[in-house]
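# Coordinate inspection notes
Okay, here's what each chain looks like letter by letter:
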Amino acid sequence: MSGMNDIKPDKATRLRQRRDVLLASLPPFSEILRGSFFERSIRCGKASCHCASGAGHRRAYVGVTFAGGRTEQITVPPHMIPLARRWVANYQRWWRAIERISEINRRLLRERLVTSSPPDSKRSR
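The structure contained in this document is the topic of the report that follows. (Residues numbered from 1 in each chain as written. Predicted model: local features only at pLDDT ≥ 70, side-chain atom pairs only at ≥ 80, totals over all residues. Heavy atoms only, no water.)

Attention now moves to the overall build of the protein. For the protein, the count of helices and strands is two helices and three strands. Ordered by position in the sequence, the α and β elements of the protein form the string α-β-β-β-α. For the protein, the residues scored as buried account for 22% of the 125 residues in total. Sequence-distant contacts, at least 24 apart, represent 56% of the contacts inside the protein between residues at least 6 apart. (Helix = DSSP H or I, 4+ residues; strand = E, 2+ residues; numbered from the N terminus. Buried < 20%, exposed > 50% of the residue type's maximum accessible area, 1.4 Å probe, protein only. Contact = heavy atoms within 4.5 Å.)

This part is about the packing of aromatic side chains. Under the defined criterion, the tally for this structure stands at two aromatic pairs. With a centroid separation of 4.9 Å and an interplanar angle of 75°, the aromatic rings of Phe29 and Trp94 are classed as edge-to-face. Taken together, the positions of Phe29 in the loop between α1 (3-24) and β1 (36-42) and Trp94 in helix α2 (residues 81-110) put the pair 65 residues apart, joining distant regions of the chain. Overall, Trp94 belongs to the buried group, its relative accessible area being 18%. Here Phe38 and Tyr61 contribute two aromatic rings whose centre-to-centre distance is 5.5 Å and whose plane-to-plane angle is 25°, an arrangement assigned as stacked. Remark: Tyr61 occurs in strand β2 (residues 57-65) and Phe38 occurs in strand β1; sequence separation between them is 23 residues. For Tyr61, a relative accessible area of 11% translates into the label buried. (Phe/Tyr/Trp six-rings, centres within 6.5 Å; stacked < 30°, edge-to-face > 60°.)

Here the focus is the pattern of salt bridges. Scanning all chains against the criterion turns up five salt bridges. Here Glu39 ties to Arg58 by a salt bridge, and the two come within 3.7 Å at their closest N and O atoms. Of the two residues, Glu39 is situated in strand β1 and Arg58 in strand β2; the sequence distance between them amounts to 19 residues. For Glu39, a relative accessible area of 32% corresponds to the partly exposed category. The shortest N-O distance in the salt bridge between Arg107 and Glu111 comes to 3.7 Å. Overlapping salt bridges, with partners in common, bring together Lys11, Arg107 and Glu111 in one network. (Salt bridge = Lys/Arg side-chain N within 4 Å of Asp/Glu carboxyl O.)

Take the sheet that holds β1 next. In space, the three strands of this open sheet follow the order β1-β2-β3, with antiparallel pairing throughout. Looking at strand neighbours, the two that pair on one side only are β1 and β3 (71-76), the edges of this open sheet. The average angle at which neighbouring strand axes cross in this sheet is 35°, direction not considered. Note: β2 against β3, six bridges, orientation antiparallel. In the strand pairing of β3, Val64 is matched with Glu72. (Pairing = 2+ DSSP bridges. Axes fitted to C-alpha atoms, helices over the stretch in contact; angles between N-to-C directions.)

What follows concerns unusual backbone geometry. If you check the backbone angles, Arg112 has positive phi at about 55° while not being a glycine. Looking at where Arg112 falls in the secondary structure, it is placed in the segment after α2. A residue is classified by how much of its surface remains accessible, and Arg112, at 66% relative accessible area, is exposed.

This is the structure we're talking about:
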């Protein structure tokens, strides 16, 4: 009578391993920024500037929308553009991982592949 009971622990182990691989692949949590990174051209308004007739000055921004609809734009200096891009991309990676981990955890619960245990003290804070 080992048929069904042998399969469930293996399935649970595979799901937990998938979850662990996702967690191990994530960037440091301290290097995330919720927002959108974008660049645009602006004109400074000086008649003698090259931007008056040609390409504008490149500016980079991070835009963040807060609860209640308030939006903040942060101008990003050129030397910080790679950092801002990476932090926004890291946030998106974390968000996608949260969705995937939630999917795994739903399967574990739905299929009764978890046991009730106290939270891991290292991760509960």
